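# Structural features, examined
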Amino acid sequence: MKKLYSLLKNFHQKYPAGFWGLVILTLLIFTGLFAEFISLVDPLAQDYTLKFTPPLWSQAGKWPHILGTDVLGRDVLSRLIYGARLSLFIGLFAVAVGAIFGIPIGLISGYYGGKIDSVVMRLIDLMLAFPSLLLAICIVAILGPSLVNAVIAIGLVSIPPFARLVRARVLGEREKDYVLADRAMGKSTFSIIFGSILQNIWGPLLVLITLGMGGAILDAAGLSFLGLGAQPPTPEWGALIAEGKNYVFQAYWLIFFPGLAIFVTVMAFNIFGDALRDYADPKTK
Amino acid sequence: MTFGLLKLNFSSRLFLGLMVAAICLPPVVLAETLIFGRGGDSVGLDPARVTDGESFNVTDHIFENLVTFVPGTTDVTAGVASNWEISANGLTYTFTLRDGIKFHDGTPLNAEAVVFSFERQLNEKHPAYAFGAPYIYFKALGLDTLIKSVAAAAPNKVVFTLTKPEAPFLSSLGMQAFAIVSPTAVNKYKEDFARNPVGSGPYVFKTWVKNQKVVLEANADYWGEKAKIQKLVFRSIPDNNTRLMEMMGQKIHVMDNPAPDDIKTLKEKMGKSIQFAQRPGLNVAYLALNNKKKPFDNVLVRQAIHYAINKKAIIASVYAGNAEPAKNPMPPTLWGYNDDVKTYDYNPVKAKELLKQAGYRDGFKVTLWAMPIPRPYMLDPRKVAEAIQGDLAAVGIKAQIVSYEWGTYLDKTQKGEHDMALMGWTGDIGDPDNFLYVLLDKDNAKVPAQNISFYENDKLHTILMEAKKTTDQKKRITLYKQAQAIIAIDSPMIPLAHSLDIVPMLTTVKHFVIDPTGRRQFSRVTLE
């Protein structure tokens with residue numbers, strides 16, 4: 001515990017912005033985990049008498065609808081809170097898909113080189129040639145619109161960055177002394193690749209995972225906004241904005257707060273990721 | 001630091017000022033062009049092959065019928081036929097055509113053309129039949145079995161012989177789907193006639209850019225009162241917000257299907273430059289339950305769903321109050337409306353009880369289809385679907401919202417691929433037959449169906465057929481009231497709302513008459 005405290009203190013001193021990113025993310029995770037206890041109202045409960053109740057600080061605001069209600073009288077804050085859980089899940093799973101496929105591809109491609117490397121990397125280049133959101137839209141169009149499919153699509157398009165990064169690192173590592181030593185000791189190729197090498201390139205990977213989460217959340221919101229991700233009544237943030245945009249002249253809070261939530265979350269991931277990169281990179285120390 | 005603007009010389013500042021003024025001033029719109037901003041594109045422009053208002057609103061300007069309606073009413077008046085005679089037994093109708101009418105391609109509009117227009121829909125062996133089959137409207141109104149023959153008795157005389165007397169027949173002939181088409185053009189373009197429509201109306205078809213606009217030009221050789229505006233543009237702007245902005249920016253003259261909440265916004269932001277035409281629509285929005293599919297084959301389930309849906313809430317929220325809750329599949333402004341049918345006031349407890357009785361204690365999963373574009377009877381279908389989804393969830397029914405592109409949506413619902421589907425109907429003529437028979441008779445439950453509830457009730461069928469035959473108005477009223485009572489108990493579909501038809505337009509638009517049947521007619525409109 002003490003060790004964690006001093007680690008955090010050290011991190012705070014060196015990277016104050018990154019530290020606050022971490023704080024926001026911790027709060028978000030907490031919100032997501034305990035959505036049931038935090039939200040004051042059922043996010044799906046409709047009450048037409050409350051249609052377009054403005055946020056609490058305006059004159060017509062009503063407790064407990066702190067951030068107001070939508071056209072069906074559903075509580076905006078509760079929907080945002082449940083949306084936080086979804087967004088974190090989306091980020092986590094999408095990046096997991098990207099990492100699970102991307103890391104081994106990069107490791108194998110980088111370690112063996114030659115023909116395997118050429119073929120694999122051209123395929124990756126092919127994927128990178130498409131704008132990632134467009135590719136995700138194509139994948140969802142094939143699989144059908146749903147949140148799960150959106151997550152799969154975003155996961156698939158986040159494979160190339162992982163594969164590229166890992167490959168580049170492996171190219172630098174494979175000729176190093178510890179790898180030669182492993183070989184001389186007769187270790188199996190599998191354990192060299194997935195044991196020693198992976199252990200040594202873990203730092204930058206962690207950074208990519210953090211940054212990737214922010215990107216994945218943004219992409220998922222984009223897909224949901226286009227109607228290809230979360231389906232109603234799921235309160236995904238992008239879907240909330242899509243719903244709210246029809247009433248932008250009557251109820252600004254329907255798009256303002258979900259937009260703010262996405263902005264803050266993605267920014268928190270980014271500044272934390274940036275700080276983590278500097279922290280992990282020995283040269284900047 | 002100083003602002004760049006302060007350093008500019010006088011002429012630059014003047015220029016900038018003028019630029020700003022030019023951007024802020026409303027754009028000057030040419031008086032010869034009227035732009036109508038609507039929520040969706042036409043499906044096709046062959047009136048015999050389509051069923052949706054977006055198509056008819058265009059074909060209405062290009063084509064004409066034997067009879068037509070007095071603007072703003074459902075009263076029948078002379079069209080291309082100057083007069084007609086009905087035989088005493090009600091089986092023979094003889095129409096006399098006006099002299100000298102020509103289609104836009106120069107083909108004379110004579111008895112032969114009229115016969116062609118009906119034969120191509122009626123007779124499967126007719127050479128032009130295959131170009132447009134199935135003729136959904138023709139079948140939906142039962143004209144395929146009603147009309148025995150259409151014949152030219154003289155170059156200007158057409159005789160219809162019916163298999164049985166039918167009271168609404170004359171009105172039906174005024175519906176857009178039964179317009180008189182140029183035989184030369186149909187034979188020339190075949191299937192593509194739907195993209196190259198040729199009629200005899202006050203406007204001539206010019207271009208159609210799919211999902212963007214249809215352009216019509218005034219017919220200089222029109223036989224009747226010529227159109228006042230040279231060019232009509234039907235722009236498709238599916239996004240409610242974009243359409244609203246276009247109206248506020250005065251880029252369109254008339255706006256169709258404003259989102260209910262936007263009406264207030266328009267009033268506030270546009271003040272004196274906007275006006276509204278308004279009247280209760282001759283329409284009904286409903287939730288069709290596919291009676292052919294489980295569990296909707298069970299009347300208890302259908303009733304349960306009726307109890308579960310909070311119509312008042314939907315109208316107060318999504319419709320912004322611009323509608324009234326429906327209990328019958330036809331609007332109260334129409335004669336023969338039955339106000340005393342079984343009602344289903346919102347009661348989720350009762351709904352649960354009925355579901356339990358039906359053997360669905362734990363509810364079930366269904367698909368709930370929602371239209372992709374605003375319709376006059378339902379301006380925000382997706383939000384209505386969400387409200388219903390919430391109501392159903394409260395009684396244990398899990399509904400998944402499904403949506404398709406408009407043409408596909410119509411096609412798939414007509415084939416019965418849905419469990420539950422939102423839909424609606426705007427009456428074409430002021431006759432209950434046009435609602436009850438079209439929407440719920442077993443004749444129309446065959447694919448491609450207009451009765452997308454796929455409800456088949458022999459007793460109802462007998463009553464509706466009887467009502468068609470009778471010309472005694474009092475008897476017809478009694479029959480239609482009976483029909484509504486049966487429908488209410490069986491609850492094959494859930495009537496949701498009768499919406500108010502509101503059309504915002506610039507104050508420069510004059511003489512626009514809002515039609516009870518929801519038609520948007522611009523032939524008599526002028527611009528100041």
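Residues numbered from 1 in each chain as written. Chains lettered and ligands numbered in written order. Predicted model: local features only at pLDDT ≥ 70, side-chain atom pairs only at ≥ 80, totals over all residues.

### Some thoughts on the overall build of chain A
A tally of helices and strands in chain A yields 13 helices and 0 strands. Scanning chain A from its N terminus toward the C terminus, one meets helices and strands in the order α-α-α-α-α-α-α-α-α-α-α-α-α. With the principal axes as the frame, chain A shows a C-alpha extent of 75 × 50 × 25 Å. Among the 285 residues that make up chain A, the fraction classed as buried is 42%. Restricting the contact set of chain A to residue pairs at least 6 apart, pairs at least 24 apart contribute 70%. (Helix = DSSP H or I, 4+ residues; strand = E, 2+ residues; numbered from the N terminus. Buried ≥ 20, exposed ≤ 12 C-beta atoms within 10 Å, placed from the backbone. Contact = placed C-beta atoms within 7 Å.)

### Section: the overall build of chain B
Of regular secondary structure, chain B possesses 18 helices and 20 strands. Considered along the principal axes of its C-alpha atoms, chain B spans approximately 85 × 65 × 40 Å. The burial tally for chain B puts 51% of its 528 residues in the buried class. Contacts in chain B between residues at least 24 apart in sequence constitute 72% of all its contacts with a sequence separation of at least 6.

### Some details on the interface of chain A and chain B
Counting residues at the interface gives 16 residues for chain A and 17 residues for chain B. Looking at the side of chain A that touches chain B residue by residue, the class counts come to 9 nonpolar, 5 polar and 2 charged. (Nonpolar A, V, L, I, M, F, W, Y, C, P; charged D, E, K, R; others polar.)

### Regarding the confidence of the model for chain B
All names here are of chain B. Confidence in the prediction of chain B, expressed as mean pLDDT, is 91, and 94% of residues score 70 or more. Element-level pLDDT for chain B is lowest in helix 1 (residues 10-24), with a mean of 52, against a maximum mean of 97 in strand 8 (residues 203-209). In this model, residues 1-8 is a region of pLDDT below 50 whose contacts with residues beyond four sequence positions or in other chains number 2 contacts. Across the assembled chains, the prediction reports ipTM 0.79 with pTM 0.80. (pLDDT = per-residue confidence, 0-100.)

### Remarks on the sheet that holds strand 4 (residues 81-86) of chain B
All names here are of chain B. Across the sheet, which stays open at both edges, the 4 strands sit in the order 4-5-7-6 with antiparallel pairing between neighbours. Each of the sheet's edge strands pairs with one partner strand only, and the pair in question is strand 4 and strand 6 (147-154). With strand direction ignored, the average angle separating the axes of adjacent strands in the sheet is 20 degrees. Where strand 4 meets strand 5 (residues 92-97), 5 bridges bridge the pair, whose relative direction is antiparallel. Each bridged residue has a counterpart across the sheet, and for glutamate 85 the counterpart in strand 5 is threonine 94. Contacts between helix 3 (residues 111-122) and the sheet are confined to strand 5, strand 6 and strand 7 (157-162), with strand 6 contributing the most and set at about 165 degrees to the helix. (Pairing = 2+ DSSP bridges. Axes fitted to C-alpha atoms, helices over the stretch in contact; angles between N-to-C directions.)

### Overview of helix 18 (residues 473-490) of chain B
All names here are of chain B. Here helix 18 is 18 residues long and its end C-alpha atoms lie 26 Å apart, about the 26 Å a rise of 1.5 Å per residue gives. Listed in full, the buried residues belonging to helix 18 are Arg476, Leu479, Tyr480, Ala483, Gln484, Ile487 and Ala488. Against the buried residues of helix 18 lie helix 16 (433-440) and helix 17 (458-469). Among the residues trailing helix 18, serine 491 stands out with phi positive, at a value near 45 degrees. (Expected span 1.5 Å × (residues − 1).)

### Side note on unusual backbone geometry
Residue proline 233 of chain A is bonded to the preceding proline 232 of chain A through a cis peptide linkage, with omega at 5 degrees. In this structure, proline 233 of chain A sits in the loop between helix 11 (202-225) and helix 12 (237-244). Here the amide bond leading from alanine 133 of chain B into proline 134 of chain B is cis, since omega sits at 0 degrees, within 30 degrees of zero. By the element assignment, proline 134 of chain B lies in the loop between helix 4 (129-132) and helix 5 (136-140). Despite not being glycine, phenylalanine 52 of chain A has its phi angle at roughly 55 degrees, a positive value. On the secondary structure map, phenylalanine 52 of chain A appears in the loop between helix 3 (35-38) and helix 4 (76-112). Not every positive phi belongs to a glycine, and histidine 511 of chain B is a case in point at roughly 65 degrees. When you line up the elements, histidine 511 of chain B lands in the loop between strand 19 (509-510) and strand 20 (526-527).

### What to know about the environment of valine 513 of chain B
Residue and element names in this part refer to chain B. If you trace the backbone, valine 513 turns up in the loop between strand 19 and strand 20. The partly exposed category is assigned to valine 513, around which 14 C-beta atoms lie within 10 Å. Valine 513 sits 68 residues away from alanine 445 along the chain, and the two C-alpha atoms are 35 Å apart. If sequence neighbours within four positions are ignored, valine 513 has contacts with Pro71 and Gly72.

### Overview of the packing of helix 4 of chain A against helix 10 (residues 189-200) of chain A
Residue and element names in this part refer to chain A. Running from amino to carboxyl end, helix 4 crosses helix 10 at an angle of 95 degrees, the nearest separation of the two axes being 11 Å. What the angle tells us is that helix 4 and helix 10 run roughly perpendicular. Only Ile193, Phe194, Ile197 and Leu198 of helix 10 make contact with helix 4, whose side of the interface consists of Leu107, Ile108 and Tyr111. Among the residues making up the contact of helix 4 with helix 10, the classes are represented as 7 nonpolar, no polar and no charged. (Parallel < 35°, antiparallel > 145°, perpendicular 65-115°, else oblique.)

### Comments concerning helix 16 of chain B
All names here are of chain B. Most of helix 16 is tucked away, with 8 of its 8 residues classed as buried. Among the residues making up helix 16, those that are buried are Asp433, Asn434, Phe435, Leu436, Tyr437, Val438, Leu439 and Leu440. Where helix 16 is buried, its residues contact helix 5, strand 13 (283-289), strand 17 (420-426), helix 17 and helix 18.

### Overview of the nonpolar core
Among the nonpolar cores identified, the biggest contains 223 residues, and Ala220 of chain A together with Leu287 and Leu422 of chain B are the most heavily contacted of them. Considering each element in turn, this core owes the most residues, 15 residues, to helix 4 of chain A. In this structure leucine 287 of chain B touches Ile388, Met420, Leu422, Met493, Ile494 and Leu496 of chain B, once residues within four positions along its chain are discounted. (Core = buried A, V, L, I, M, F, W, Y, C linked by C-beta atoms within 7 Å.)

### Focus: the pairing of strand 10 (residues 231-236) of chain B
Residues and elements named next belong to chain B. By the alternation rule, side chains of strand 10 split into Leu232, Phe234 and Ser236, which are all buried, and Lys231, Val233 and Arg235, of which none is buried. Here 6 bridges tie strand 1 (residues 33-38) to strand 10, and the two strands are oriented parallel to one another. Looking across to strand 10, one finds that phenylalanine 36 is bridged to phenylalanine 234. Direction of pairing for strand 9 (residues 213-218) relative to strand 10: antiparallel, over a ladder of 5 bridges. Paired with glutamate 217 across the two strands is lysine 231, which belongs to strand 10.

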